[in-house]
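Understanding the architecture of this molecule
Letter by letter, the chains look like this.
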Amino acid sequence: MQLRPLAAIALAGTLMLTPAAPAQRISADGAAQTFGVVSDQYFSDVLFHFSPTLATQTGLHQYDNQLEDYSAAAVQKQVAALKEYEKKIAAIDPSGLDASVAADHAILLNSIRSQLLSLEIIRNWEKNPDNYSSGVTNSIFVLMERPFAPVNTRLRSAVEREKQIPQVFVEARKNLKNPPRIFTEIALEQIDGLISFFQSDVPAAFADADDAKAKAEFARTNAAVIQSLKDYGAWMKSDLLPRSNGDYRLGADTFAKKLQYDEMVDVPLPHLLEIALADLHKNQAEFARIAKEVDPSKTPQQVLAELATIHPAPDKLLDAFHGTFDSLITFIRAHKIITIPSDVQPTLEETPPFMRATTFASMDPPGAFETRSTKAYFNVTLPEKSWTPEHVAEHMASFNTGTIISTSVHEAYPGHYVQFLWQNQFPSKVRKIVGANSNIEGWAHYTEQMMLDEGYAAAPANATPAQIREAKLIRLGQLQDALLRDARFVNSIKLHTGLGEPGNAWTIDQAVDFFVKEGYQSHSVGLVETKRGTADATYLYYTLGKLEIMKLREDLKKKQGAAFSLQDFHDNFMRQGFAPVKVIRRAMLHDDSPVL
């Protein structure tokens, strides 16, 4: 489950408050002012210049007519610009900055290094055909999703972007060298849904436009986009797929660097794998204990199979999620869990087509600088009409009575949506734009267990056997979600490094099997999760961040003793923005103690 807008943002990195001094260094006296100017220039001249779709998502609409340049030449220009700003920011002496700004300095510097790693070393622009087809789809989706401007204005922006889309697929054919077969398969799996999106959803979104000239132009540009997608799909199937023999694996060195830059975590990979397996086994043991209480005559797997059948009908799924909101909000306020800054609830909708192959649910809030359209969308992936009954049943098993609650907690209250509601209080532009997923997804995953630990959905006093059973099933659903994230943690490392395996090889089939047997997931979920892990290499950040937050909470409890307040802890965590937990530890504990 993901917080969608930040998926496109280059993430933060290793905390290096005293980087090696370059030849020319800006003195501490002028550091604060210089950092403010240079960081603002970086966002406008580099980040949003090369990623106008991200700018639209962030709420900066002067970029709405522009589309990413996917050419190899543009990639080289972006690399050059990133290196220029890496030097400018590294030249600023962080000793002249307040602690919070010094942390921003480190976050931004490492965000740039993460992007350079992606463009120069990982090189998905040469490896992942879905980056092109789903990328351009998202560029139009962000214009039609929110009424941040009159429909005629947004239609004209869509037309300008659509004019540039056919060239994207020209560049794709030039750039894609030797993709991993699974990347091409995922792109092919999604292409029909993208075509349908432009055939049906996009025209429907702009149906109320009355600018005749723009509508006529849109008819031409949209038809061209549809044809270019069809041609791209045919080319991938006939030409690209047979020669897709590349390797999706990052390797241990690149994987470790990505973790350092993105999450400020430098724990040696063997120890990180030990941490992952320990948490997996802990959650498996707890699942077995509660399953035995539910039905002593059944194995944990048999209880899990029963749990998988307890879910709403597919056409009632969105209603089931919405039905949790009021009780979650009431509990949070009554038990002083966290301050909720707004009474407005998120809007539930079906997951956009370009995200359905690799995600079951996500939160899509407006960007940090969006002022006109402030709805947040809670996306849920519904079964496709073409699926077999068996496939539908496997998919719906992910939305059982327990996982519906843990997903509502994760995506909405007090997870992603509540964190979004705190955005206005984040301390800087850097904290609003650049985010660490171990914070974002770690927080959301942490709240799933925390809410039940604090008593949400617990059986009441003098409960009936049925109420006690339901409470235990809800806990099993939360544990199943925790085991899913544990399996991601393990597979993330093994898929990309093969650590601990003969010949450092860990196959797709082994990863799927691990999700099923050790992560307690259905085969279809295991396949979706494995596909995601090949491209989203460090999706271990859910459990990683959860464990970091739990350790921070316990360390603060020890330090504060009786003065510790859970609500204060959560509120203060929110105020730090999307920073890596290492930064937040320094702000809240005033030390550099280990994050794990």
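Everything numeric in this text was worked out from a predicted model, so none of it was measured.

Okay, the pairing of strand 4 (residues 377-380) next. What you see with strand 4 is no split at all: Tyr377 and Asn379 on one side and Phe378 and Val380 on the other are buried throughout. Sheet topology note: the strand 2 (residues 347-350)/strand 4 ladder contains four bridges and is parallel. Bridged to Glu350 within strand 4 is Val380. As paired elements, strand 3 (residues 361-364) and strand 4 share four bridges and run antiparallel to each other. Each bridged residue has a counterpart across the sheet, and for Met363 the counterpart in strand 4 is Phe378.

In this section: the confidence of the model for the protein chain. When pLDDT is averaged along the protein chain, the result is 92, and 94% of the positions lie at 70 or above. Considering only residues more than four positions removed or in separate chains, one finds that residues 1-24, a stretch of pLDDT under 50, has 110 contacts.

Taking 1.5 Å per residue, 33 residues should reach 48 Å; helix 20 (residues 465-497) reaches 47 Å between its end C-alpha atoms and fits that length. Looking one or two residues past helix 20, Gly498 carries a phi angle of roughly 65 degrees, positive in sign.

Relative to each other, helix 4 (residues 99-122) and helix 10 (residues 252-263) sit at 155 degrees, their axes nearing to 8 Å. Between helix 4 and helix 10, the crossing angle belongs to the class labelled roughly antiparallel. Here helix 4 runs over helix 10; the crossing is left-handed. Residue-level inspection shows Asn110, Arg113, Ser114, Leu117, Ile121 and Ile122 of helix 4 in contact with helix 10, the latter providing Thr254, Lys257, Lys258, Tyr261 and Asp262. Looking at the contact of helix 4 with helix 10, its residues break down into four nonpolar, three polar and four charged.

Turning next to the environment of Asp486. With respect to the helices, strands and loops of the structure, Asp486 is situated in helix 20. Assessed through its relative accessible area of 0%, Asp486 is described here as buried. It is 5.4 Å that separates the C-alpha atoms of Asp486 and Leu280, two residues lying 206 residues apart in sequence. Non-local contacts of Asp486, meaning those with residues more than four positions away in its chain, are made with Ala276, Asp279, Leu280, Asn283 and Thr543.

Overall, the coordinates contain 36 salt bridges when judged by the stated rule. The salt bridge involving Arg123 is made with Glu126; its shortest N-O contact spans 2.9 Å. Owing to a relative accessible area of 25%, Arg123 belongs among the partly exposed residues under this scheme. Accessibility expressed as a relative area gives 15% for Glu126, which makes it buried. In this structure, the salt-bridge partner of Arg243 is Asp239, at a minimum N-O distance of 2.7 Å. Using a relative accessible area of 30% as the deciding quantity, one classes Arg243 as partly exposed. Ionic contacts of the salt-bridge type, sharing partners, join the residues Glu286, Arg289, Glu293 and Lys472 into one network.

Criteria and cut-off values
Residues numbered from 1 in each chain as written. Predicted model: local features only at pLDDT ≥ 70, side-chain atom pairs only at ≥ 80, totals over all residues. Heavy atoms only, no water. Buried < 20%, exposed > 50% of the residue type's maximum accessible area, 1.4 Å probe, protein only. Helix = DSSP H or I, 4+ residues; strand = E, 2+ residues; numbered from the N terminus. Pairing = 2+ DSSP bridges. pLDDT = per-residue confidence, 0-100. Contact = heavy atoms within 4.5 Å. Expected span 1.5 Å × (residues − 1). Axes fitted to C-alpha atoms, helices over the stretch in contact; angles between N-to-C directions. Parallel < 35°, antiparallel > 145°, perpendicular 65-115°, else oblique. Left-handed = near helix turned anticlockwise from the far one by under 90°. Nonpolar A, V, L, I, M, F, W, Y, C, P; charged D, E, K, R; others polar. Salt bridge = Lys/Arg side-chain N within 4 Å of Asp/Glu carboxyl O.

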